[in-house]
Amino acid sequence: MTTPNTENAAPTVAAPTIAELEEQERRLTLPHFTYDDAWALGTLLVELARERGAPVAIDIRRAGQQLFHAALPGSTPDNDAWIDRKRRVVERYAASSLLIGTRFRAKNTTFEDSSRLDPDTYAAHGGAFPITVKGAGVIGTVVVSGLPQLEDHAMVVEALERFAEIS
């Protein structure tokens, strides 16, 4: 078993507040999102994951079509199942999976207990983020799975921030 490279690892991630999560979504609205953009964002996520030795799977979809998928060493088929469950939360609520889970916890409950959705189909755990295009709204999802949920979310946000700078 290979030990992940922690030298370039992201710092420990603190749980963001609802306001911080909502601000991330507003700030990370893109001017466009094409097939080439999906490739650029996906390869950026792969580069970040490789730099950190992160055993993740990455998935990017637009309008239900998978435009990018990568599984890095150490990831497993379980990561693909988590991707699907977290992605469905974004598709249903048009908000990040972490934001949805955080909103439920703020009401002193859990998504699993109160959403009335099958937890085998939906997971409000961090790592899935809406791809929002100015003037069009949520048009897709970007998902990372394989790290603790706050780190999955932080990796997606970091990649979207970098991507937004170049697009």
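Just above, that's the structure.
Residues numbered from 1 in each chain as written. Predicted model: local features only at pLDDT ≥ 70, side-chain atom pairs only at ≥ 80, totals over all residues. Heavy atoms only, no water.

1. Brief notes about the overall build of the protein
Rules: Helix and strand assignments follow DSSP, with helices taken as H or I runs no shorter than four residues and strands as E runs no shorter than two, numbered in order from the N terminus. Only the C-alpha atoms count toward the radius of gyration. The rule for a globule is 2.2 Å times the residue count to the power 0.38. Only protein chains enter the area calculation, which uses a 1.4 Å probe; residues under 20% of their type maximum are buried, those over 50% are exposed, and those in between are partly exposed. Only heavy atoms enter the contact rule, under which two residues are in contact if any of them lie within 4.5 Å. For the purpose of charge, His is not counted, nor are the chain termini; Lys and Arg are scored as positive and Asp and Glu as negative. The atom standing in for a charge is NZ when the residue is Lys, CZ when it is Arg, CG when it is Asp and CD when it is Glu.
The number of helices and strands found in the protein is six helices and five strands. When the helices and strands of the protein are read in sequence order from the N terminus, they spell out α-β-α-β-β-α-α-α-β-β-α. Against the 2.2 N^0.38 benchmark of 15 Å for 167 residues, the protein shows a C-alpha radius of gyration of 15 Å, consistent with a compact globule. Relative to its 167 residues, the protein shows a buried fraction of 44%. Long-range contacts, defined as pairs at least 24 residues apart, comprise 68% of the intrachain contacts of the protein with a sequence gap of at least 6. Treating the 17 positive side-chain charges of the protein as one cloud and the 23 negative ones as another, the clouds have centres 6 Å apart.

2. Considering the environment of Val 133
Note that Val 133 resides in strand E4 (residues 128–133). Considered as a pair, Val 133 and Leu 28 are 105 residues apart in the sequence and their alpha carbons are 8.9 Å apart. Setting aside anything within four residues of it in sequence, one finds Val 133 in contact with Thr 29, Leu 30, Pro 31, His 32, Phe 33 and Ile 139.

3. Considering helix H3 (residues 77–93)
Quick reminder of the rule: Expected span of a helix, by definition, is 1.5 Å for each gap between consecutive residues, and there is one gap fewer than residues.
Between its first and last C-alpha atoms H3 spans 25 Å; for 17 residues at 1.5 Å apiece the expected length is 24 Å, and the two agree. Those residues of H3 not exposed but buried are Asn 79, Ile 83, Arg 85, Lys 86, Arg 87, Val 89 and Val 90. Looking at the residues trailing H3, positive phi occurs at Ala 94, about 55°.

4. Here we look at helix H2 (residues 35–52)
Stated precisely, the cut-off is as follows: Two N or O atoms count as a polar contact when they lie within 3.5 Å, although within protein this holds only if one can serve as hydrogen donor and the other as acceptor, and sequence-adjacent residues are included solely when both atoms are side-chain atoms.
Here H2 is 18 residues long and its end C-alpha atoms lie 26 Å apart, about the 26 Å a rise of 1.5 Å per residue gives. All of the buried residues along H2 are Asp 37, Ala 38, Leu 41, Gly 42, Leu 44, Leu 45, Val 46, Leu 48, Ala 49 and Arg 52. For H2, the secondary structure elements touched by its buried residues are strand E2 (57–62), strand E3 (65–71), strand E5 (137–145) and helix H6 (149–166). Its side-chain oxygen at 3.3 Å from the backbone nitrogen of Asp 36, Thr 34 defines the N-terminal cap of H2.

5. Section: the pairing of E4
Keep this limit in mind: Strand pairing follows a simple DSSP-based rule, namely that at least 2 bridges must link the two strands.
Along E4, six of the six residues are buried, which leaves the element largely enclosed by surrounding structure. Alternating positions in E4 separate into two faces, Ala 128, Pro 130 and Thr 132 on one and Phe 129, Ile 131 and Val 133 on the other, with burial throughout. Note: E4 against E5, six bridges, orientation antiparallel. From the neighbouring strand, Phe 129 faces E5, where its bridge partner is Val 142. Connecting the antiparallel pair E4 and E5 is a turn made up of three residues, with Gly 135 showing a positive phi of about 85°.

6. Details of the pattern of salt bridges
Here is the rule we go by: Any Lys or Arg side-chain nitrogen found within 4 Å of a carboxyl oxygen on Asp or Glu counts as a salt bridge.
Scanning all chains against the criterion turns up nine salt bridges. The shortest N-O distance in the salt bridge between Arg 87 and Asp 84 comes to 3.1 Å. With Arg 87 and Asp 84 both in helix H3, this residue pair falls three residues apart, about one helical turn. Residue class for Arg 87 comes out buried when judged on its relative accessible area of 9%. Ionic pairing is found between Lys 86 and Asp 152, a salt bridge with its closest N-O pair at 3.0 Å.

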